[in-house]
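A look at the structure
Residue strings, one per chain:
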Amino acid sequence: LVAFATSVAYEAETKVAVVQAEVSAEAQAGETREAELQATTTALAVELATAEAQAAVVEATQEAVDEQLAALQATITAETETQATRQANTQATLEAQATELAEGSTALAVADEKIAQLTEDAQNNTGTFLAAESLRLVDQNYPLALLLGVEASRRLETAQIGDSLFTALNSRLEVADILQGHTDDVFALAYSPDGRLLATGGGDSRVILWDTTTGERVGAMLGDHSNSIFALAFSADGQTLASAGADGTVVLWDVATDERIGPRLVHENWVSTLAFSPDGTTLAAGDYSGLLTLWDVASGQMMGQPLTGHTDMIRTLAFSPDGTTLASGGVDQTIILWNIENATVGRQFTGHADWVNSLAFSADGKTLVSGGADGQIRVWDVRSGELRGDPLFDGQPVSSVAYSPDGTQLLTVSNAVRLWDVSGGRPVLVAEYDAYSTGLWRAVFNPNGLQVASTKADDSVILWSLRPIKRLGQLLNAQNAPVRAVDFSADGRLLASGSADGTITVWDATTKQLVQQLDANSNGVFSLAFSPDGAWLASGGGDTTIKLWDVISGQPVGEPMSGHTDAVLSLDFSADGKMLVSGSGDGTLRFWDVTGRQLGEPIAAHSDSVWMAAFSPDGKTVASVSSDGTVMLWDVTTRQPKGDALLGHFGQVFTLAFSPDGTTLASGGDYGSIIIWDVAAGVARFTIEATDSSVFALAFSPDSRTLVSGGADGIVSAWDVLTGQPLVHPLAVLPDWVNTLAFGAGGKYLAAGVGSQDVNQSSVYLWDLHLDVWQETACNLAGRNLTLTEWQAYFGETTYQRTCAELPAHQSVIQDVVDRAETAGAVGDLETAKSAYALAAEWLVGAEYPDLSNNVCWFGSLYGFAETVLPVCEKMVELVPAHGNFYDTRGVARALTGNLDGALEDFRVFTGWAEGRDGYDQFVTRRQEWITKLTAGENPIDEQTIQELLAE
């Protein structure tokens, strides 16, 4: 259709151009004819004059002269008529061509409009598809579901309860964070003793420290290994971190400074596991060959000879809480308990039919748990060596086991993270978290007991919260009794909450900061209403009065409004702000003007308490609900009922809400039913069986399409007003009764007042429904942008764009650019290489991919683009300041850009770092030669050297 519309537009433009050319030619021809006519007329006039002269001179006969004059006149008349005809024809042609031109312009406009409509349709169709994919992938690939939800929201421009982005954010509430920072599989995890830091390491040979509260990286990446990291361990004081891996070394790090402590502790084989003694003086390391080495942490010296007992790789180590015993398990399927004092075998446990992958002591040291590749979880009595009960069979290889800090729960990891209650002896499964697409390596308990970290079979780390995460809701807690009423100012800037303790709290909805707190109604504040202009706030309470407050000053306006004989349970301003309606426990409705004067007599509206009364949006009707089980509609002018009571509820009716368009009324009460009423007809459209508990609160979204409900079960739900179906269920589960709900700022916020007399959970919850906030939250949680494969799957060959602008392009996307740059450089296509390296450099400066940066810095410099890639070289050294290879690469770039002093400094750092490392001798020798030349003021990186380096 787009192609067709474009073709129509082009044809119309061509036709217009042809017509315009014809019009121009015809106009020129007309001008020529007019000139010819003028010339002819002039000539005839001359002839006429000559004839007259001749007649006078020769005295020709009058008849001959008359005939000649008549002939000349006829000729002139004929020519004039011909010219008029030609002019008429020209005008007709011009008018026809103008009509055709207008038709062409109209066709062009129609084509443009069609193109715009097709573009919009395509955009909407893409958004709808992405939204469906987001919902489908929530349980399969949660980060991708979040990112597709963001992409869908941008195309559909939605931020509605129940849409794909909202659903994604309110799914997987056990996922506290997804840490993205490694560029290869993550194999090792360790929490600091205080639980504030998490150390991770893996195939990229980096150690990253994370703040477990914010999910942000802390300090520089720790990189002094030349191969994969398999083990991490914090000392008991949290000041030292040990890392070890496939390069056969153990490195001790000062956590505060990110600097290495002492020399590397060298092993002959891969180091697969580490454990600090409780007092931090001893570090145990198990290796690939089955040797167990004990290191004195203070001196960095080996404590005696390695301990032998295992016949194959040691997979796991665990110190007893008192530090006297070290347990080890491995590929040989055995568990050995070592006596640390004399470095001897104290006891051996056997029973696993496959690798022993993980061990954990209970807090009292009397129990040891083991997890194996055979799927068994065994609980051992340390003293007797006997099993405590039968083994648990997981069905999948168990990679990790750990006790919770309080010893009441056991963590196991296989195809899912599982928590077992072990307080009663026999483990009972209480929670299970799956990794939503790929397998899990291992998991560890945060010492705070509220969080678990697990590694996946990829480059990410998942932080699981043992309590549901409220991603879009925020707790505003400043009141000490149940919150009975909430209301927003018309501009949405302020949120007021009224409590049974008699106070009103006013919040800034944007900043979530407390603005002021008022001592309002004694015996509790049960109802609140902002005036439409936001200048006043009305409160009603258990003291039977209504008070007006100046919002700016927080001072009362006039005297309290008195008349009710029981608590004022409901207040509402008319849309014009001239009237206030109140409902009370005394069963009456009363109308007031803003001076506090009661308008007319009270209405004996119901035979029991009036829980809620509200004006219709047009101000002509008031609806009320009561404990008598009825819903009433009242004519505001006559104060008379509009028809009979609306019946349908069984039991008390506690709440109502008019839709903003005024066509619908919702009411809720006992037994969890919500009735949707047609206001004009006064009949029920349908009933929503929302819950098994009472419904206390209802609120319509500004577009009248969504109804939110809450009640005694603490569940906040959202419903489609047309169908009565849940949009998302539940929207939130709060810790106590939901007494009141309100939308604010045109639907950008939703507030709930919570609390009951029996449970001390009084609070206000505020949900931010801004689209940009949702998008930012989703991006922060996903922690990454789309991969190249994901982008191509959903957006084809269109130019890659970052879904989350504040996050770097995914490593796979940059890698693709780097591959193209290297290919172009290798074949001498320098123009392509130059632009590709420039793009790669631009992206990498804002990213944290040190190995990829090293690649770009090295080859980009050697291919002649050192100036372009130098910022990347600087960034990688900043990211991993302890890794000597990066200094070496930057040294080459510095030399090629003329910074010889900088190059000399870098090569000296490299040689110091590489000294004594296996496989580095030839590189050290050559760099020392470069250092000699640089010291003499000579640049060692000449064309021949460049070619040699490219050939390596």
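Scroll up to find the structure this text is about.
Residues numbered from 1 in each chain as written. Predicted model: local features only at pLDDT ≥ 70, side-chain atom pairs only at ≥ 80, totals over all residues. Heavy atoms only, no water.

Turning to the nonpolar core, a few remarks are in order. One broad trend across soluble globular proteins is that nonpolar side chains are buried collectively. Counting residues in hydrophobic clusters, the biggest one holds 112 residues, and the most contacted among them are Ile161, Leu731 and Trp767. Broken down by element, the residue count for this core peaks at 12 residues, all from helix H9 (residues 850-879). With near-sequence residues (within four places) excluded, leucine 731 lies in contact with Ile161, Phe166, Asn170, Val716, Ser717, Ala718, Leu750 and Trp767. (Core = buried A, V, L, I, M, F, W, Y, C linked by side-chain atoms within 4.5 Å. Buried < 20%, exposed > 50% of the residue type's maximum accessible area, 1.4 Å probe, protein only. Helix = DSSP H or I, 4+ residues; strand = E, 2+ residues; numbered from the N terminus. Contact = heavy atoms within 4.5 Å.)

Let's shift gears to the environment of glutamine 239. Following the sequence through the fold, glutamine 239 ends up in the loop between strand S6 (229-234) and strand S7 (240-245). Relative accessible area serves as the criterion here: at 52%, glutamine 239 is assigned to the exposed category. Placed 14 residues apart in sequence, glutamine 239 and tryptophan 253 show a C-alpha to C-alpha distance of 8.4 Å. If near-sequence neighbours (up to four positions away) are discounted, glutamine 239 is found in contact with Trp253, Asp254 and Val255.

Considering all chains together, one arrives at two disulfides under this definition. Paired through a disulfide, cysteine 779 and cysteine 804 show a sulfur-sulfur distance of 2.0 Å. Between cysteine 779 and cysteine 804, the S-S dihedral sits near -85°, and the bridge is therefore left-handed. Taken together, the positions of cysteine 779 in helix H5 (residues 771-782) and cysteine 804 in the loop between helix H6 (788-795) and helix H7 (811-826) put the pair 25 residues apart, joining distant regions of the chain. For the pair cysteine 779 and cysteine 804, a shared accessibility class is recorded, and that class is buried. (Disulfide = S-S within 2.5 Å.)

Moving on, we come to the pattern of salt bridges. Going through the model one piece at a time under the given rule, you end up with 26 salt bridges. With its nearest N and O atoms 3.3 Å apart, the salt bridge here joins arginine 894 to aspartate 906. Of this pair, arginine 894 sits in helix H10 (residues 884-896) while aspartate 906 sits in helix H11 (residues 900-914), and the two are 12 residues apart along the sequence. Accessibility classification places arginine 894 together with aspartate 906 in one group, the buried group. Look at the salt bridges and you will find they share partners, linking Asp139, Arg172, Glu174 and Asp434 into a network. (Salt bridge = Lys/Arg side-chain N within 4 Å of Asp/Glu carboxyl O.)

Running from N to C, helix H8 (residues 830-845) and H9 point in directions that differ by 10°, and their axes come no closer than 8 Å. It follows from the interaxial angle that H8 and H9 lie roughly parallel. Facing H8, whose interface residues are Leu830, Ala833, Lys834, Tyr837, Ala838, Ala840, Ala841, Leu844 and Val845, H9 presents Leu852, Ser853, Val856, Phe859, Gly860, Tyr863, Phe865, Thr868, Val869, Pro871, Val872 and Lys875. Partitioning the contact of H8 with H9 into residue classes produces 16 nonpolar, three polar and two charged. (Axes fitted to C-alpha atoms, helices over the stretch in contact; angles between N-to-C directions. Parallel < 35°, antiparallel > 145°, perpendicular 65-115°, else oblique. Nonpolar A, V, L, I, M, F, W, Y, C, P; charged D, E, K, R; others polar.)

Time to look at the sheet that holds strand S29 (residues 460-465). Strands sit in the order S1-S29-S28-S27 across an open sheet of four strands; the sheet is antiparallel. Each edge of the sheet is formed by a strand with only one pairing partner; in this case those strands are strand S1 (175-180) and strand S27 (440-445). Put simply, the sheet's adjacent strands are angled 20° from each other on average, direction ignored. Where S27 meets strand S28 (residues 451-456), four bridges bridge the pair, whose relative direction is antiparallel. Pairing of phenylalanine 445 across the sheet is with valine 452, part of S28. (Pairing = 2+ DSSP bridges.)

A positive phi angle, close to 65°, is found at tyrosine 671, a residue other than glycine. Looking at where tyrosine 671 falls in the secondary structure, it is placed in the loop between strand S46 (664-669) and strand S47 (673-678). One non-glycine residue, serine 704, adopts positive backbone phi at about 65°. Looking at the secondary structure, you find serine 704 in the loop between strand S49 (695-700) and strand S50 (706-711).

Attention now moves to the pairing of strand S5 (residues 217-222). As a general feature of sheets, a regular strand has side chains that alternate between the two faces. Bridge analysis of strand S4 (residues 207-211) against S5 gives three bridges, and the strand direction is antiparallel. Within S5, the residue paired with tryptophan 210 across the bridge is arginine 217.

Below, the discussion takes up the sheet that holds strand S38 (residues 556-561). Sheet architecture is open: four strands sit in the order S35-S36-S37-S38, paired in antiparallel fashion. Here the strands that pair on one side only, and so sit at the sheet edges, are strand S35 (525-530) and S38. For this sheet, the mean inter-axis angle between neighbouring strands, taken without regard to orientation, is 15°. Of the strand pairs in this sheet, strand S36 (residues 536-541) and strand S37 (residues 546-550) are connected by five bridges, and their pairing is antiparallel. Bridging across to S37, alanine 538 finds its partner in leucine 548.

As a further point, take the pairing of strand S31 (residues 483-488). Across the six residues of S31, five count as buried, placing the element largely inside the fold. As judged from the five bridges shared by S31 and strand S32 (residues 494-499), these two strands associate in the antiparallel manner. Among the inter-strand pairings, valine 486 is bridged to a residue of S32, identified as serine 497. Between S31 and S32, which pair antiparallel in sequence order, lie five residues; one of them, glycine 492, sits at a positive phi of approximately 75°.

Attention now goes to the environment of arginine 154. Among the structural elements, arginine 154 can be located in helix H3 (residues 142-156). With 621 residues separating them along the chain, arginine 154 and glutamine 775 place their C-alpha atoms 9.0 Å apart.

So, about H10. With 13 residues, H10 extends 19 Å from end C-alpha to end C-alpha; this agrees with the ideal 18 Å at 1.5 Å per step. With 11 of 13 residues buried, H10 is to be regarded as a mostly interior element. Every buried residue belonging to H10 is among Gly884, Phe886, Tyr887, Asp888, Thr889, Arg890, Gly891, Val892, Ala893, Arg894 and Ala895, and all of these are buried. Summarising the contacts, the buried residues of H10 are in contact with H9, H11 and helix H12 (921-935). Of the residues trailing H10, glycine 898 is marked for its positive phi of about 90°. (Expected span 1.5 Å × (residues − 1).)

The subject of this paragraph is the packing of aromatic side chains. Counted according to the given criterion, the structure contains 24 aromatic pairs. Consider the rings of phenylalanine 654 and phenylalanine 696, whose centres lie 5.3 Å apart with planes at 75°: the pair is edge-to-face. Placement of the pair is phenylalanine 654 in strand S45 (residues 653-658) and phenylalanine 696 in strand S49, with a sequence separation of 42 residues. Since its relative accessible area comes to 11%, phenylalanine 654 is described here as buried. In this structure phenylalanine 696 comes out as buried when scored by relative accessible area, which is 15%. Plain terms: the ring middles of tryptophan 791 and tyrosine 800 are 5.1 Å apart, the flat faces sit at 55° to each other, and that makes the pair tilted. For the residue pair tryptophan 791 and tyrosine 800, the accessibility class agrees, reading buried in each case. One aromatic cluster is present, formed by Phe187, Phe230, Trp270, Tyr288 and Trp441 through successive ring pairs. The side chain of arginine 639 reaches across the aromatic face of phenylalanine 591, ending 4.2 Å from its centre. Sitting over the face of the ring of tryptophan 913, arginine 917 holds its NZ or CZ atom 4.0 Å from the ring centroid. (Phe/Tyr/Trp six-rings, centres within 6.5 Å; stacked < 30°, edge-to-face > 60°. Lys NZ or Arg CZ within 6 Å of the ring centre and 35° of its normal.)

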